[in-house]
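What follows is the residue order along each chain.
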Amino acid sequence: MTAKKRVLSGIQPSGSLTIGNYLGALKQWVARQDRYDCFFCVVDMHAITVPQNADDLRHKTREVAAIYLAAGLNPDKAAIFVQSHVAAHAELAWILTCMTPIGWLQRMTQFKDKSAKQQQDSIGTGLLNYPSLMAADILLYQAHEVPVGDDQRQHLELTRDLAQRFNHLYGETFVLPEAMIPEAGARIMGLDNPTAKMSKSDESEYHAVYLLDTPDVIRKKVMKSVTDSGRDIRFSDEPEKAGVNNLLTIYQAFSGQSREAVEAHFASARGYGDLKKGVAELIIEHLRPLQETHHRLMHEPGYLDRILADGAARAHAVADATLARVKTSIGFLPPLASS
Ligand code: TYM
């Protein structure tokens, strides 16, 4: 029997999860859990690269873990855990930080975008070092595949570069991971501005559909989404059709249909109103079971915490072994076990 390939991915508990997080990441995770040895973490250490309120962070961490389960992850198959529960992430991140050229980090689009939104003298160094921590998350588990949205492509390239650099300096240690980016839904755009990626930290009310939005709110947001002055319902790269293209992409990714089938579905629509109604109802229908399960789980914190403890134990077993090898390779003196 050949060993299953390993998968690792994570989401930051830094805001309310959006349908972008679901379509770009979560949905792909669920699809992999039967065939792969899976590790999925709630990356709270990444969330603190920008300021967080302590109580909110604790609540969001549980909320995101509950969403993982509600989206269909099975804790008997996938290890579900909180990043800060496994200290090896911080330790390997430091070792990799020492091997990461500053220039590589300064080139990261996410760093440039996020730092532009903050006052220069209040940007924490963690925001710059963020990709070294992400590389540690992935490399600790010797992950072959990392299912993520399109915006993480650059971080995955940096992870591979770091793995290669380490393997070159110290001998074959890390598996080179590959980004798994879905064909449909890898880059869901903002409903209020279809030229900007849908983000969980955008403040505008009509920007994102959150996974926990009520049906009425979802309808309102989708009906208000920005389109163009035409009535042509087709996939398109033309900048003025970005809004319609985004709605069709959301429909395609939720329904799992081909582009042709989606266009055929809307061929008899009377205008964008019909398109928007169709998209809103499909989102509502898909999110209903997720929301019901999530609601139930949030009332069972003991159950959730046990799953996270079990996930952390499984994560420890793999991560600690990798970290021990790395420490030996780079010359850290092993501590004598105390008697
Ligand atoms: P985060 O928390 O910003 O996003 C979580 C996942 O959702 C995807 N995503 C999207 N996909 C499609 N359309 C969108 N509008 C959209 N917005 C977000 C992201 O690509 C991501 O897959 N650095 C990561 C978290 C992380 C991680 C890791 C991921 C930390 N360590 C190790 C994989 C492996 C991040 O900020 O994701």
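Coordinates for the structure precede this section.
We now turn to the structure provided with this report. (Residues numbered from 1 in each chain as written. Predicted model: local features only at pLDDT ≥ 70, side-chain atom pairs only at ≥ 80, totals over all residues. Heavy atoms only, no water.)

Moving on, we get to the overall build of the protein. Looking only at helices and strands, the protein features 13 helices and five strands. Computed over the C-alpha atoms, the radius of gyration of the protein is 21 Å, within 12% of the 20 Å expected from 2.2 N^0.38 for a compact globule of 339 residues. Dimensions of the protein along its principal axes, counting C-alpha atoms only, are 75 × 45 × 45 Å. Out of the 339 residues belonging to the protein, those deemed buried represent 51%. Of the contacts made within the protein by residues no fewer than 6 positions apart, 76% connect residues no fewer than 24 positions apart. (Helix = DSSP H or I, 4+ residues; strand = E, 2+ residues; numbered from the N terminus. Rg over C-alpha atoms; globule rule 2.2 N^0.38 Å. Buried < 20%, exposed > 50% of the residue type's maximum accessible area, 1.4 Å probe, protein only. Contact = heavy atoms within 4.5 Å.)

Quick look at the nonpolar core now. In this structure, Leu 26, Tyr 68 and Ile 283 are the most contacted members of the largest nonpolar core, which totals 59 residues. Per-element tally for this core: the top contributor is helix H12 (residues 272-298), with ten residues. Inspection of this core shows a minimum of three residues originating in each of domain 1 (6-181 + 301-330) and domain 2 (215-295). Not counting residues up to four positions away in its chain, the partners in contact with Leu 26 are Ile 11, Leu 17, Asn 21, Ile 67, Tyr 68, Ala 71 and Leu 211. Met 108, Ala 136, Ile 138 and Ala 163 belong to the second-largest nonpolar core, a separate cluster that totals 44 residues. (Core = buried A, V, L, I, M, F, W, Y, C linked by side-chain atoms within 4.5 Å. Domains from an automatic or database assignment.)

Attention shifts here to the site of the ligand. Around the ligand lies a shell of 27 residues, among which Gln 12, Tyr 130, Asp 137, Asp 151 and Lys 200 are the nearest. Here a nitrogen atom of the ligand and a side-chain polar atom of Gln 152 are 3.0 Å apart. A total of 710 Å² of accessible area belongs to the ligand in isolation, and the protein chains cover 97% of it. Where the shell around the ligand is concerned, the elements lending two or more residues are strand E1 (6-11), helix H1 (19-32) and helix H7 (125-140). (Near = heavy atom within 4 Å. Polar contact = N/O pair within 3.5 Å; in protein donor to acceptor, adjacent residues only side chain to side chain. Areas by Shrake-Rupley, 256 points an atom, 1.4 Å probe, with all protein chains shown as cover.)

An α-helical segment advances 3.6 residues per turn. Residues three or four places apart therefore align on the same side. Relative to the 26 Å expected for 18 residues at 1.5 Å per residue, helix H8 (residues 153-170) spans 26 Å between its end C-alpha atoms, a close match to the ideal helical length. Every buried residue belonging to H8 is among His 155, Leu 156, Leu 158, Thr 159, Leu 162, Ala 163, Phe 166 and Asn 167, and all of these are buried. Just downstream of H8, Gly 171 is the residue with a positive phi angle, here 95 degrees. (Expected span 1.5 Å × (residues − 1).)

Over the atoms, a rolling probe the size of a water molecule traces out where space has been left empty. Summed over the entire model, instances satisfying the criterion amount to one cavity of 30 Å³ or more. Put simply, the largest cavity is a space of about 40 Å³. What lines the largest cavity is Met 108, Gln 110, Phe 111, Lys 114, Leu 127, Tyr 130, Pro 131 and His 155. The set of elements that each furnish at least two residues to the lining of the largest cavity consists of helix H6 (109-116) and H7. Taken together, the residues of the lining of the largest cavity sort by class into five nonpolar, two polar and one charged. (1 Å grid on protein atoms, 1.4 Å probe; cavity = no way out; pocket = protein on both sides within 12 Å on 5 of 7 lines; lining within 4 Å. Points joined across faces, edges and corners; volume = space filled by probe spheres on them. Nonpolar A, V, L, I, M, F, W, Y, C, P; charged D, E, K, R; others polar.)

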